[in-house]
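Notes for the structure review
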Amino acid sequence: MAASTVCESPVAVPSPAVGGITHGRFTISTHLGKEDDSETIYCLPDPTNDSMSVSSLTQNSTFCLRTFGYNTLDAVPNYQHYSKTQMPGEDKRTRPSLADLRCYMMIRCMLNIWGVILYLRLSWITAQAGIALTWLIIIMSVIVTSITGLSISAISTNGKVKSGGTYFLISRSLGPELGGSIGLIFAFANAVAVSMHTVGFAETVKDLLVEYNATIMDPTNDIRIIGVITVTVLLGISLAGMEWEAKAQVGFFFVIMVSFANYIVGTFIPASKEKQAKGFFNYRAEIFAQNLLPCWQSDASFFGMFSIFFPSATGILAGANISGDLKDPAVAIPKGTLSAIFWTAVSYLVISATIGSCVVRDASGSLNDTVLVAPADCEGIACGYGWNFTECAQAGTCTYGLINYYQTMSLVSGFAPLITAGIFGATLSSALACLVSAPKVFQCLCQDNLYPGIGFFGKGYGKNNEPIYSYLLTYAIAIGFILIAELNMIAPIISNFFLCSYALINFSCFHASVTNSPGWRPSFKYFNKWASLFCAVVSVVIMFLLMWWAALIAIGIVAVLLAYALYKKPAVNWGSSVQAGSYKMALIYSMGLNEVEDHIKNYRPQCLVLTGPPNFRPALVDIVGAFTKNHSLMVCGNVLIGPHKEKVPGVTSNGHTKWLTKRKIKSFYAGVVADDLRSGTQMLMQAVGLGRMKPNVLVMGFKRNWQSDHPQNVDNYIGIIYDSFDLNYGVCMMRMKQGLDISRMTQAHVDSSTAVTQQASTVFQSEQGKKTIDIYWLFDDGGLTLLIPYLLTRKKRWRNCKVRVFVGGQINRMDEEKKAMITLLNKFRLGFHEVHVLPDINENPRPEHLKRFEDLIAPYRLNDGFKDETIVKELRKDCPWKISDEDIKNSRTKSLRQVRVNEILLDYSRDAALIVVTMPVARKDKCPSTLYLAWLETLSQDLRPPVILIRGNQENVLTFYCQ
């Protein structure tokens, strides 16, 4: 209900403007928004004024690689870009072309796709799975990555993507709940990827040491030692600065391309005796035919090979990770990502086919295994080329050949050191990229404050806001996996986590599309929502086919983090597709309800609660929220009295909603401005709701101390009940015990609302200890008097309370009436089994209580017995709340009933936790408002427990029929 007074908003006094012209309360400078396109892709700090000074542009010759605190090829504006002349002693400076930027985008993706798997495991996978199944593995990976690339292109072109790579894409699309969980997984996957690339580098170095008989300890420990040293050096480089990283990527790309050309040339160079001893015989149709089909060894399987190969496809996320660097991401990301997928897929297919056509599976490497004529027991196609590798093949001791030697690409190439250089370039560049991206993504996640206890890792240091502690955490994770020292064990783990990321990316694209939100307007149009959904499902299925336990762990982590985020509800609003989907589903179901007729079985008390500002009446909000939460509609209504142009300070709609959310009350808030309480409530009752989702029960607090209030206010107050009956509403009125006056709180109580809330909670907790809810179902109102207490007992707070039902009856028919009521309650299936018949309800009340009632109504009596009829009519017109002698006479029986019921309540329910009583009904224009309120006052007077007065609209809300 509305507060009795409404405070005016204080007039804002404009602050003196600093450095700007003052217009009212704002300066011009406050209206000028900063261009946010310059923000870093990894949540780096905003640029300082000095970073854009002319001196800084001219003095720093490498500034073209840095734009507002992060690395980029895209250059900042510069005088020399437009000048036809050049300064003496300086080179002419030019900006990169759009083609350069697009090429850089493709290069980053290709470098991340070409990595350790290409050089060190593709040949081994080809030997195990055969050329045919290897091609199938590659094609499957390409299908997943291509559809994911289309989804990434759509999401990243639906507005500016500033930071956090995949985490940013998913969190801003699907919301903080799923975005936060996948952000942690993606950061962890990148940290593990550091170890995979580092182990690949260490394995190559170990092989070189073995070649020259220069081992450190043993092969496994050598990988661990070299890996730890390498990742430590990479950490130092990352912390020292990455200004050269952009140019270095181009350099690495050049080295890899040279190594590819070297490999292709090597396949045509006639094999020497040394290479033939190791299984290389140039292109041979017999070798191709033999290697076309699989030859599984060491418990290998198709999906086992897929799990090892798939990490090579994870580089497609490199484009999204640098979207903040790109001048035109709508063009660069799709073209760069899809071009990278195409060309790398071609390279994988070509290398798999060529190496499978040149190298046999098993070879000894010994020059002594040559034969002039193959003996009868010689096995393998190498016998036809003058080599007998039968002995080592049967014993399983061959150290060379496609299935035994990981460095087969070096063997085939024209100049092996170039392949080694390619391996070093691919592994180190990928490891360095992952070592940088994992901490940055984790830093963004920490800065979003989605989870407790991780803000420590988001703290940045230095001019580039480097997350030192996130670097150290990534370093520790990488060290832990490097100590495994087995690439074939690390790769499947990464596959599961990246597949989980791909599934979420595709689902993000599908969900954003299917919700049809007006905000979903990606510049990239060449995607299909159903293809995205298909790829999301396929990604999850492949996760379980690869390593079911790792898939369960990944999904379990997502589920736990999702549950936490849903429970805590982070205070962020990113306009996610989940919000759009919630709106769409709510709209569809709300419209669908219009097509369904009401039925008693589906009746729910949908409550309009006259709370005023909800924090003014916490007990009223709590009791209604207890039986409507997650079951039916609750709307907190507030009527502001008077033609106010401004809202009351501190009680804005947003503030009320936050208070309700903090108190875990599932309720809407609605406020209206009206001339008086009654007209405002009429507006609420007629306007609040949507279709079938419309209140059908009016809930209000009892107007305490109404005797001291103006009778006109009393008339308006009771008029609300009359209006409710006219609009076919049920009515529920709550009266707290003496000493807790919640119904007449005013604006002055705002600051003490917390104390009132605590007091109200204490009252309910102490009442619950008595374990009884007493229901006085005195009149058949349709069953609402029974239904609301039943809904309360379904809540944990009231579940252990014993329910007693009291009904009126005659002393000579007590047993029959009790049995009849028990039978009825059993048919209702409410679980109420204790019934008490009140045979003395029709007795006359005690004289002292009757005298108290007469004193209560005395100030409102018209006393018209000896007055002129004209004067009486005038008084009735001016004061409709006045009680005439005729009203007293006509309502005598009803008045006596209320006094008597109060005596019964005091006798039977003095120690109850809650009393629920059927509210008496008064006839409009036949019962003055003061008399009716006197009945309610008398009925609930002197009762210690809270009292709820309920009156249904005489329509059934309970049934014992199944249809």
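Here the structure is a predicted model, which is why all the values come from computation and not from measurement. (Residues numbered from 1 in each chain as written. Predicted model: local features only at pLDDT ≥ 70, side-chain atom pairs only at ≥ 80, totals over all residues. Heavy atoms only, no water.)

1. Some words on the pattern of salt bridges
Enumeration over the complete set of coordinates arrives at 16 salt bridges. For D942, the salt bridge goes to R852, with nearest N and O atoms at 2.6 Å. On the criterion of sequence distance, the pair formed by D942 in the loop between α34 (929-939) and β14 (947-951) and R852 in helix α30 (residues 847-857) is long-range, its members being 90 residues apart. Among the residues examined, D942 registers a relative accessible area of 43% and is labelled partly exposed. Among the residues examined, R852 registers a relative accessible area of 25% and is labelled partly exposed. Among the charged side chains, a network of salt bridges with common partners joins D840, E843, R900 and E903. (Salt bridge = Lys/Arg side-chain N within 4 Å of Asp/Glu carboxyl O. Helix = DSSP H or I, 4+ residues; strand = E, 2+ residues; numbered from the N terminus. Buried < 20%, exposed > 50% of the residue type's maximum accessible area, 1.4 Å probe, protein only.)

2. So, the sheet that holds strand β7 (residues 668-674)
As summarised here, the arrangement of the 10 strands in space is β7-β6-β5-β8-β9-β14-β13-β10-β11-β12, forming an open sheet in which the pairing is mixed. A single partner strand is all that each edge strand has here, and the edge strands are β7 and β12 (834-838). Looking at each pair of strands side by side, their axes are set apart by 20 degrees on average, direction ignored. As judged from the five bridges shared by strand β10 (residues 772-776) and strand β11 (residues 802-808), these two strands associate in the parallel manner. By the bridge assignment, T772 is partnered in β11 with K802. The sheet strands contacting helix α24 (residues 653-662) are β6 (634-641) and β7, and the helix crosses β7 at an angle near 145 degrees. Sheet contacts for helix α25 (residues 677-687): β5 (607-610), β6, β7 and β8 (697-701); angle to β7, the most-contacted strand, approximately 135 degrees. (Pairing = 2+ DSSP bridges. Axes fitted to C-alpha atoms, helices over the stretch in contact; angles between N-to-C directions. Contact = heavy atoms within 4.5 Å.)

3. Observations concerning the packing of α30 against α34
For the pair α30 and α34, the least separation of the axes is 10 Å and the interaxial angle reads 145 degrees. Taken as a pair, α30 and α34 cross one another with a handedness that is right-handed. Packed against α30, whose contacting residues are F853, L856 and I857, the element α34 presents L931, A934, W935, E937 and T938 at the interface. Here the residues of the contact of α30 with α34 sort into six nonpolar, one polar and one charged. (Left-handed = near helix turned anticlockwise from the far one by under 90°. Nonpolar A, V, L, I, M, F, W, Y, C, P; charged D, E, K, R; others polar.)

4. What to know about unusual backbone geometry
Positive phi is not limited to glycine here, since K664 has a value of about 60 degrees. Relative to the helices and strands, K664 is located in the loop between α24 and β7.

5. A look at a nonpolar patch on the surface
Judged by side-chain polarity, V540, F544, W548, W549, L552, I553, I555 and I557 come together as a nonpolar surface patch covering roughly 720 Å² of accessible area. Only α20 (529-546) and α21 (548-568) provide two or more residues apiece to the nonpolar patch. Among the secondary structure elements, W549 is positioned in helix α21. Judged by relative accessible area, W549 falls into the partly exposed class, the value being 40%. (Patch = residues over 30% accessible without salt bridge, like charges linked within 9 Å, V, L, I, M, F, W, Y side chains within 5 Å. Areas by Shrake-Rupley, 256 points an atom, 1.4 Å probe, with all protein chains shown as cover.)

6. A short note on the state of the cysteines
Tallied over the entire structure, the rule returns two disulfides. Through a disulfide, C378 is tied to C383; the S-S separation comes to 1.7 Å. Classification of the bridge connecting C378 and C383 rests on its S-S torsion, roughly -90 degrees, and on that basis the disulfide is left-handed. Both residues of the pair, C378 and C383, belong to the buried class. Shown here is the disulfide that connects C392 with C398, its sulfur atoms set 1.9 Å apart. Negative torsions about the S-S bond denote left-handed disulfides, and the value of about 80 degrees found for C392 with C398 makes this one right-handed. Across the pair, exposure class does not vary: C392 and C398 are buried alike. Among the cysteines around C607, which has no disulfide bond, C732 carries the closest sulfur, lying 6.9 Å off. The buried category is assigned to C607, whose relative accessible area is 0%. (Disulfide = S-S within 2.5 Å.)

Coordinates in, geometry out; function isn't part of it.
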